[in-house]
Amino acid sequence: MIVVMQKDCTEKQIEEVQRRIEERGLKGHLSKGTERTVIGVVGQTYPELRDELELLNGVLEVVRISRPYKLSSREFQPEDTVVRVGNVAIGGDKDFAVMAGPCSVESREQVLATARAVKAAGAAVLRGGAFKPRTSPYSFRGLGQEGLEYLAEARAETGLPVITEVMSPGDVELVARYADILQIGTRNAQNFNLLEEVARSGKPVLLKRGFASTYEDWLLAAEYILAQGNRQLILCERGIRTFETYTRNTLDLVAIPVIRKLSHLPILIDPSHGTGKWYLVTPMSMAAAACGAHGLLIEVHPTPDLAKSDGAQSLTPENFAKLMNGVASVLQALGKRVTSVAARGT
Ligand code: PEP
Ligand code: MN
């Protein structure tokens, strides 16, 4: 349930409501929007609580949220969440953030060359996996801490913030020391202990959709992060399992308007894993921009044919630059712009 406060309510009244919620063994999550202040009540609520809270001073009304996810819902927060990483904005109606880089960090030279290229083409964030979830244990599984160090060096040189995946709760502290955004991969999308540990790092989190997750499963996974008090959360659709085998996954672009209707959280699209084929990445990126995505996550490699992972879906720097041009033309028609670190101070 959510407690909607009166417009002119005082801080003391808000505190009193929070205190009462906690006294009942529940948790209150405050959201102060431009239009209204609400307190989301989470835990095992009961019908009488509604009357009890509605009688408190400063309370306008108490509304039940019928959906199982609460803090990620539009009812709890009508305004879009905008996650800020340095001067990059992810979310809202104006900005479009492109995160790009190699699937795996393979060497210092590879990361630096890719970082320079994606920055020049207008990317806002550098991606790269140091801890790689591979379907086979015999595939390349990443450079670990050494990879994180190369990403940090690329950030120092280019100014691009870094997103990288963390796979186990025990690695969160290490990865959070290097990364600006922590990525939860599709295979860990319902690893609830990991979600909570990542949330407690206080860093922005990008949560991929599980390849077999419904929208409700996905938003409930998001709830694990929000319930820890971390509101810096970005969702990412990366394709789901269907009967189709031509593409690696089936990229579900309907997720964009659906999630934007149900939730205030930003949603990015990963057409690289969503299709598995480099030549499908640009058309799907333009389509994602057209139907309201807040940005993209794209795999780029200086020499895709030599990549240690996901070469078939990786763009060359030249093709990535073409993608950015295509996306920019779609965004222009929508009155939106590509967020870029190069726009610093403008
Ligand atoms: C990735 O982005 O590096 C990745 C492994 O993606 P996913 O979890 O979507 O498979
Ligand atoms: Mn990959």
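Residues numbered from 1 in each chain as written. Chains lettered and ligands numbered in written order. Predicted model: local features only at pLDDT ≥ 70, side-chain atom pairs only at ≥ 80, totals over all residues. Heavy atoms only, no water.

A. Spotlight on the overall build of the protein chain. What the protein chain contains, in helices and strands, is 11 helices and 15 strands. Since a compact globule built from 346 residues should have a radius of gyration of about 20 Å, the 21 Å found for the protein chain is in line with a globular shape. Seen through its C-alpha atoms, the protein chain measures out along the principal axes to roughly 65 × 45 × 45 Å. Of all 346 residues assigned to the protein chain, the portion counted as buried reaches 55%. Taking contacts inside the protein chain between residues at least 6 apart in sequence as the whole, the part at least 24 apart equals 68%. Counting only carbon and sulfur atoms, one obtains 51% of the accessible surface of the protein chain, whose full area is about 14700 Å². (Helix = DSSP H or I, 4+ residues; strand = E, 2+ residues; numbered from the N terminus. Rg over C-alpha atoms; globule rule 2.2 N^0.38 Å. Buried < 20%, exposed > 50% of the residue type's maximum accessible area, 1.4 Å probe, protein only. Contact = heavy atoms within 4.5 Å. Areas by Shrake-Rupley, 256 points an atom, 1.4 Å probe, with all protein chains shown as cover.)

B. A look at the pattern of salt bridges. In this structure the tally under the stated criterion is 23 salt bridges. Residues Glu75 and Arg67 are paired through a salt bridge, measuring 3.9 Å at the closest nitrogen-oxygen approach. Using a relative accessible area of 34% as the deciding quantity, one classes Arg67 as partly exposed. The residue Glu173 makes a salt bridge to Arg177 at a minimum N-O spacing of 3.3 Å. Placement of both Glu173 and Arg177 in helix α5 (residues 172-178) is noted, with a separation of four residues, approximately one turn of the helix. Under the relative-accessibility criterion, Arg177 is labelled exposed at 55%. Counted as one network, the salt bridges with shared partners bring together Glu16, Arg19, Arg20, Glu23, Arg24 and Glu52. (Salt bridge = Lys/Arg side-chain N within 4 Å of Asp/Glu carboxyl O.)

C. Just the nonpolar core, in detail. Within the largest apolar cluster, 89 residues are counted, with the highest numbers of intra-cluster contacts made by Ile90, Met99, Leu207, Ile298 and Phe320. When neighbours within four sequence positions are excluded, Ile298 is seen to be in contact with Val98, Met99, Ala100, Gly101, Arg127, Pro271, Ser272, Val281, Ser285, Leu315, Phe320 and Leu323. Counting 15 residues, the second largest nonpolar core, distinct from the first, contains Ile21, Leu26, Val41 and Leu56. (Core = buried A, V, L, I, M, F, W, Y, C linked by side-chain atoms within 4.5 Å.)

D. Representation of the domain arrangement of the protein chain in the model. As assigned here, the protein chain comprises domain 1 (2-63) and domain 2 (83-343). The distance between the C-alpha centroids of domain 1 and domain 2 comes to 36 Å. If you look at the interface, domain 1 gives four residues, while domain 2 gives four residues. Between domain 1 and domain 2, roughly 280 Å² of surface is buried when both sides are summed, and carbon and sulfur atoms account for 34% of that area. Summed over the shared surface of domain 1 and domain 2, the result is zero salt bridges. (Domains from an automatic or database assignment. Buried area = accessible area lost by both parts, 1.4 Å probe.)

E. Here's a closer look at the site of ligand 1. Neighbouring ligand 1 are Arg127, Lys132, Pro133, Glu165, Gln183, Gly185, Thr186, Arg187, Lys208, Arg238 and His273. Gln183 is positioned with one of its side-chain polar atoms (N or O) 2.9 Å from an oxygen atom of ligand 1. In the complex, the protein chains occlude 97% of the 290 Å² of accessible area that ligand 1 would expose alone. The residue makeup of the shell around ligand 1, split by class, is one nonpolar, four polar and six charged. (Near = heavy atom within 4 Å. Polar contact = N/O pair within 3.5 Å; in protein donor to acceptor, adjacent residues only side chain to side chain. Nonpolar A, V, L, I, M, F, W, Y, C, P; charged D, E, K, R; others polar.)

F. Main features of the packing of aromatic side chains. Counting across every chain of the model gives two aromatic pairs. Relative to Tyr224, the ring of Phe192 lies with its centre 4.2 Å away and its plane at 15°, an arrangement referred to as stacked. Residue Phe192 is found in helix α6 (residues 192-200), and its partner Tyr224 is found in helix α7 (residues 215-226); the two are separated by 32 residues along the sequence. Exposure remark for Phe192: the relative accessible area of 30% places this residue in the partly exposed category. Relative to Tyr279, the ring of Trp278 lies with its centre 6.0 Å away and its plane at 90°, an arrangement referred to as edge-to-face. (Phe/Tyr/Trp six-rings, centres within 6.5 Å; stacked < 30°, edge-to-face > 60°.)

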